[in-house]
Amino acid sequence: MRGAGQQHPGSEFVFENLSEKFQRVFKTLRGEAKLTEENMAEVLREIRLALLEADVHFQVVKQLLENVRTKCQGQEVWTSFSPAQQVVKIVRDELLELLGGTTARLKFAPRPPSVFFLTGLQGSGKTTTAGKLARWLQRGGHHPLLVSVDVYRPAAREQLAVVAREVGTPVFAGQSDARPVDLALAARAEARNKGCDVLLVDTAGRLHIDEELMAELVELRDRMEPTEILFVADAMTGQDAVRSAEEFHRRLNTTGVVLTKLDGDARGGAALSIRSVTGQPIKFVGTGEKYDNLELFHPDRMTSRILGMGDVLTLIEKAEEVIDRQKAEDLERNFRMDRFSLEDFREQIRQARRMGPLSQVLALLPSVGPFRNVPKQDVDDKALVRVEAILNSMTAKERVRPEILNGSRRRRIAKGSATTVQEVNQLLKQYDQMRRMMRSMSGRMGKKALSQFAASAPGA
Amino acid sequence: MIQTLFGSPEAKPGLLERFQKAVQSTRSSLVSRVEDLVRGKTEIDAKLLEELEETLIAGDVGVGTAQEVLEAVRGQVSRGQLQEPSRLKSAVKAELLNILKQTADGLPRTVVPPVVILVVGVNGTGKTTTIGKLAFQLRAEGKTVLLCAGDTFRAAATEQLEIWGERTGCEVVKQRPGADPSAVLFDALTSAKARQFDYIIADTAGRLHTKVNLMAELEKMRRTSQRIIPGSPHEVLLVLDATTGQNGLQQARQFTGSAGITGIVLTKLDGTAKGGGVIAIARELKLPIRYVGVGEQKEDLLPFDPEQFIESLFS
């Protein structure tokens, strides 16, 4: 029995080294108020090194650094940032953008069975991924049929048959001497007969420069018209990732990528390379040898993995807290302008909830408004959850113009937030008091209250 | 690179443009790129070396190793030993070759048969295929070879090895799926010893080097081998995929720690990947590269030739 296995202690070493490196750079930069070409160069040099060590293709690295440099230069240094933090944040945002912000979905055919191809180089993990994907589809209420058209590698079709048995999905065996196209066509007919709505076609591993086998895939695609052509790529792939991915995409119009073997300690820079040459989204990642170990791709996780972990991430998070503080300052301005809407109120609660345990959060909250009657020592999380639920159940219009909240709207909100009309009324009353108080504030007293409020915002 | 990123005023637009054009196509070969750089320049400057670094990185040589190699060449330039840009490439080649030649010698020791070869590596590098090719080669030399189906985990791994057994005329010792790999090895070793086979090649399941339990399993296989045939395993081959990037070094480190690697087989060199990562491995772990895999047929295993390998990095 193979256990999940702990991470080897040695594997963290790489990351530690990296974050130490970053830390060193940050230290030298700390205290500098402005981005200069020199200190930018040093951070960017370290980032370049980190990305190259993570196997991001050197041209992609180059492009990325150019983008970052342009963005940095166009920007003023935020007062509350160190220059290095600002650069790292811009790098991270750039990586996030490159990796694609939205979760990609599988595309199904209007008339079943939908045909999905699994393609890629030898040993990238196509067959294992086929098993995992079959299980994923089953869980989503689909009925997949598996077929292997790998007539080349010894025991490849037997392997898929064993996988199918373990996952509990049907597999199309077919004739032992059939051609790949005939196997696939027969499997599709079988899927129709059996009422399977997805046909997963496990193709033979091949080199992107193998003209004969690439042509075979093209023929297979033209005959089968798959809605998904997934390029299965090993997360450990180096600089060559761009060539294979580019060529597979050029020949086949791949629709997405599955990144496998992410349970190792490879930093997975190939993800960036592949993404940037194909433009296709990474749809899944393989994170283990069990059939359940298939996950949706998370660009944010991949970003921190590629860039390096630990302190770097913390730094960026700190940077974002500062941005939140700036949002709080906007809020303060709104107060002054007498425009404290329920929208702003909700934003404040959201920020507060992001900060952690409620007792700590409440200690920071203003002693005015809805919370002034709340005993700070002894409060349960549900109070804040309910307040947010009520606010969430309002429409955007209602939050901006609370005066339109009539009895019918209040009943709807109470129902939507699983609270009572009384609770909704109470919240609105408290909000109204808070707003009136803000309005009446003037002179030194008002300013004191405002600064107190601003200090309560996260990041302060 | 950084200097060019910041648009240093000294940059000659002609060279920069030519450089950009040269790197635009990933398909353009390393050699033409280097020659492009060399041809237009009459003296070697830092920029040229930096661009050369980039081309080495493209071959997966790795930043660290590339910088070390270029540092040595830079030293030659500053000492005046190297002035001709046209000799730059050969100087870099010589440095790389030097690293490869400082590995442990690849000559097999004389041992009393059976010689035990353990084949290990991460998932999907081509262990079973390599075993098939190796068996074919040994059979061609007239040796008797027993194959051990030590991958009891992956679906149909045993069947795959059995097909290679048929192709090469080798017997395969196996057990049921999920069996303890050390138990299968025990059977194979006992049988090979009793029946006086020349070689026994043991397959193992692919495993990521970060999985402690699975790495311990390899240690157990080593111990089993040692107990039945003292001094064995005589060769522990790490099968490394040439498309692998900087993680290859980490693989080599961990597998050396657990399985006592004695040599490397670099597979899938018939693609466009250069496999430059083995240079970093040779530099740090002094592990020799024994064979290279260049295809899926039984003949497609070649002895490693350092000169040829370095040449191919530049072509």
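So, how was this worked out
- Residues numbered from 1 in each chain as written.
- Chains lettered and ligands numbered in written order.
- Predicted model: local features only at pLDDT ≥ 70, side-chain atom pairs only at ≥ 80, totals over all residues.
- Heavy atoms only, no water.
- Buried < 20%, exposed > 50% of the residue type's maximum accessible area, 1.4 Å probe, protein only.
- Helix = DSSP H or I, 4+ residues; strand = E, 2+ residues; numbered from the N terminus.
- Pairing = 2+ DSSP bridges.
- Right-handed = clockwise from strand over helix to strand, strands pointing away.
- Phe/Tyr/Trp six-rings, centres within 6.5 Å; stacked < 30°, edge-to-face > 60°.
- Lys NZ or Arg CZ within 6 Å of the ring centre and 35° of its normal.

Looking now at the pairing of strand β2 (residues 144–148) of chain A. All names here are of chain A. Most of β2 is tucked away, with five of its five residues classed as buried. Here β2 shows no split at all, with P144, L146 and S148 on one side and L145 and V147 on the other all buried. Inspection of the sheet shows β2 paired to strand β4 (residues 198–202) by five bridges, in the parallel sense. Its bridge partner lying in β4, S148 is registered against D202. Here β2 runs beside strand β3 (residues 171–172); their pairing, made up of two bridges, is parallel. In the strand pairing of β3, V147 is matched with F172. Where the polypeptide runs from β2 across helix α6 (residues 156–167) and back to β3, its parallel neighbour, the crossover connection is right-handed.

Okay, the packing of aromatic side chains next. All names here are of chain B. Under the defined criterion, the tally for this structure stands at four aromatic pairs over all chains. A cation over an aromatic ring shows up here: K93 above the ring of F314, its NZ or CZ 5.7 Å from the ring centre. Above the ring of W164, the side-chain terminus of R167 is found at 4.6 Å from the ring centroid.

Along the chain, B:P113 connects to B:P114 via a cis peptide bond; the corresponding omega equals 0 degrees. Relative to the helices and strands, B:P114 is located in the loop between α6 (88–101) and β1 (115–120). Put simply, B:S232 and B:P233 share a cis peptide bond, and its omega is -5 degrees. Within the secondary structure, B:P233 is located in the loop between α10 (212–228) and β5 (235–241). Backbone geometry places A:A418, a non-glycine residue, at a positive phi of 55 degrees. Judged by its relative accessible area of 69%, A:A418 falls in the exposed class. With phi around 60 degrees, B:K268 is a residue other than glycine that occupies positive phi space. If you trace the backbone, B:K268 turns up in the loop between β6 (263–267) and α12 (277–285).

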